[in-house]
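Here is what each chain is made of, one letter per residue.
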Amino acid sequence: MAVGLRQFTARAGNGAGEPVLDTDNGEELVHVQPSVSVALGNRAPESPGTLYITTRQVVWLSDLDRAKGYAVDFLSLSLHAVSRDPEAYSSPCIYTQIETEDDEVEDESEDSDSECSEVLDLSNIREMRLIPSYASQLDTLFQVFCECAELNPEPIEEEEEAHNWIFSADQLEDGAGEGDDVEWHFSQNPTNTIGHPNGYHDLSRNVLELQFNDQRFEDADEMGEVTDSGHQQQPQ
């Protein structure tokens with residue numbers, strides 16, 4: 001679940017300090033870019049700070065106010081891109097879109113009053129721009145963003161257990177031995193169905209019918225061999 005943009009004040013060291021990372025769980029610092037301003041939503045850019053990009057998140061810390069900082073997980077970033085078009089934004093920047101906890105947040109145009117108010121509600125921030133001192137730094141930042149985003153793929157929801165495509169030989173044999181109750185056997189075991197629940201009965205019956213037909217072919221072949229053997233024993 002997306003958590004969106006959040007306050008970040010955990011710093012270590014003297015001066016402006018550095019962000020405290022979750023190293024116990026494998027988080028690593030990948031890139032540090034000083035003199036980067038951040039613009040949240042429709043607000044004016046903050047005074048320059050330092051940008052920290054880790055294997056899990058993007059952290060911006062103010063150089064002037066030790067109590068001011070923002071962070072967003074890569075899993076909450078739905079888009080990142082390089083913006084150099086002055087008609088889109090006055091300064092070249094890394095443009096990002098942020099997913100929030102509330103999927104029903106009103107359109108950004110309706111959030112502008114909240115974003116521009118003195119009390120900043122980070123839960124309503126859907127856009128963030130990172131503005132480096134030099135536009136030449138954008139390509140490097142973008143590349144780092146891409147590499148770290150690949151380390152944080154979207155989690156894949158497990159499909160229903162009814163979508164298991166594998167049958168064991170024992171299960172097929174048990175089903176074959178039940179004769180007229182084959183369809184009931186499969187319908188009562190939704191965790192061992194073949195394919196999507198819709199229409200899986202037909203496919204499972206076809207599998208069993210194929211097994212029955214194979215057995216009939218084997219019986220027919222054995223009868224043919226006996227018949228041929230009998231013909232060979234007849235006197236000429």
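Above this note sits the structure.
A few points on the structure. Small disclaimer: the values here were computed from a predicted structure and weren't measured.

Digging into the state of the cysteines
Line of reasoning, step 1. Counted according to the given criterion, the structure contains zero disulfides.
Line of reasoning, step 2. The thiol sulfur of C146 is not disulfide-bonded, and the nearest other cysteine sulfur, from C148, lies at 9.6 Å.
Line of reasoning, step 3. With relative accessibility at 22%, the residue C146 sits in the partly exposed group.
Line of reasoning, step 4. A relative accessible area of 2% places C148 in the buried class.

Here we look at the packing of aromatic side chains
Line of reasoning, step 1. Under the counting rule described, the total for this entry stands at two aromatic pairs.
Line of reasoning, step 2. Measuring from centroid to centroid gives 5.8 Å for W60 and Y70, while their planes differ by 15°, and the two rings are stacked. Here W60 is found in strand β6 (residues 57–62), whereas its partner Y70 is found in strand β7 (residues 69–73), with 10 residues between them in sequence.
Line of reasoning, step 3. We classify Y70 as buried; its relative accessible area is 6%.
Line of reasoning, step 4. Aromatic pair F74 and F145: ring centres 5.8 Å apart, planes at 75°, arrangement edge-to-face. A residue pair is termed long-range when its members are at least 10 positions apart, and F74 in the loop between β7 and β8 (77–83) and F145 in helix α2 (residues 138–150) qualify at 71 residues.

Notes on the pattern of salt bridges
Line of reasoning, step 1. Across all of its chains, the model carries five salt bridges by this definition.
Line of reasoning, step 2. A salt bridge links D22 to R56; the nearest nitrogen and oxygen atoms lie 3.6 Å apart. Of the two residues, D22 sits in the loop between β3 (18–19) and β4 (29–40) while R56 sits in the loop between β5 (49–54) and β6, which places them 34 residues apart along the sequence.

Thoughts on unusual backbone geometry
With glycine set apart, most residues show a phi of negative sign, and most peptide bonds adopt trans.
Line of reasoning, step 1. Positive phi outside glycine occurs at S35, with the angle close to 55°.
Line of reasoning, step 2. By the element assignment, S35 lies in strand β4.
Line of reasoning, step 3. Classification of S35 as partly exposed rests on a relative accessible area of 34%.

A closer look at the sheet that holds β5
Line of reasoning, step 1. Spatially, β1-β7-β6-β5-β4-β10-β9-β8 is the arrangement adopted by the eight strands of the open sheet, whose pairing is antiparallel. Each of the sheet's edge strands pairs with one partner strand only, and the pair in question is β1 (6–7) and β8.
Line of reasoning, step 2. Sheet analysis places strand β9 (residues 93–98) next to strand β10 (residues 127–132), joined by four bridges and oriented antiparallel. Bridged to Q97 within β10 is E127.
Line of reasoning, step 3. With respect to the sheet, α2 is in contact with β4, β5, β6, β8, β9 and β10, its orientation differing from that of β8 by roughly 160°.

Looking at α2
Line of reasoning, step 1. Given a rise of 1.5 Å per residue, 13 residues ought to cover 18 Å, and the 18 Å separating the end C-alpha atoms of α2 matches this to within 8%.
Line of reasoning, step 2. All of the buried residues along α2 are L138, L141, V144, F145 and C148. The arc enclosing the buried residues of α2, seen along the axis, measures out at 130°, which places them on a common side.
Line of reasoning, step 3. Along its buried surface, α2 packs onto β4, β5, β6, β8, β9 and β10.

Rules behind the numbers
Residues numbered from 1 in each chain as written. Predicted model: local features only at pLDDT ≥ 70, side-chain atom pairs only at ≥ 80, totals over all residues. Heavy atoms only, no water. Disulfide = S-S within 2.5 Å. Buried < 20%, exposed > 50% of the residue type's maximum accessible area, 1.4 Å probe, protein only. Phe/Tyr/Trp six-rings, centres within 6.5 Å; stacked < 30°, edge-to-face > 60°. Helix = DSSP H or I, 4+ residues; strand = E, 2+ residues; numbered from the N terminus. Salt bridge = Lys/Arg side-chain N within 4 Å of Asp/Glu carboxyl O. Pairing = 2+ DSSP bridges. Contact = heavy atoms within 4.5 Å. Axes fitted to C-alpha atoms, helices over the stretch in contact; angles between N-to-C directions. Expected span 1.5 Å × (residues − 1). Arc of directions from axis to C-beta.

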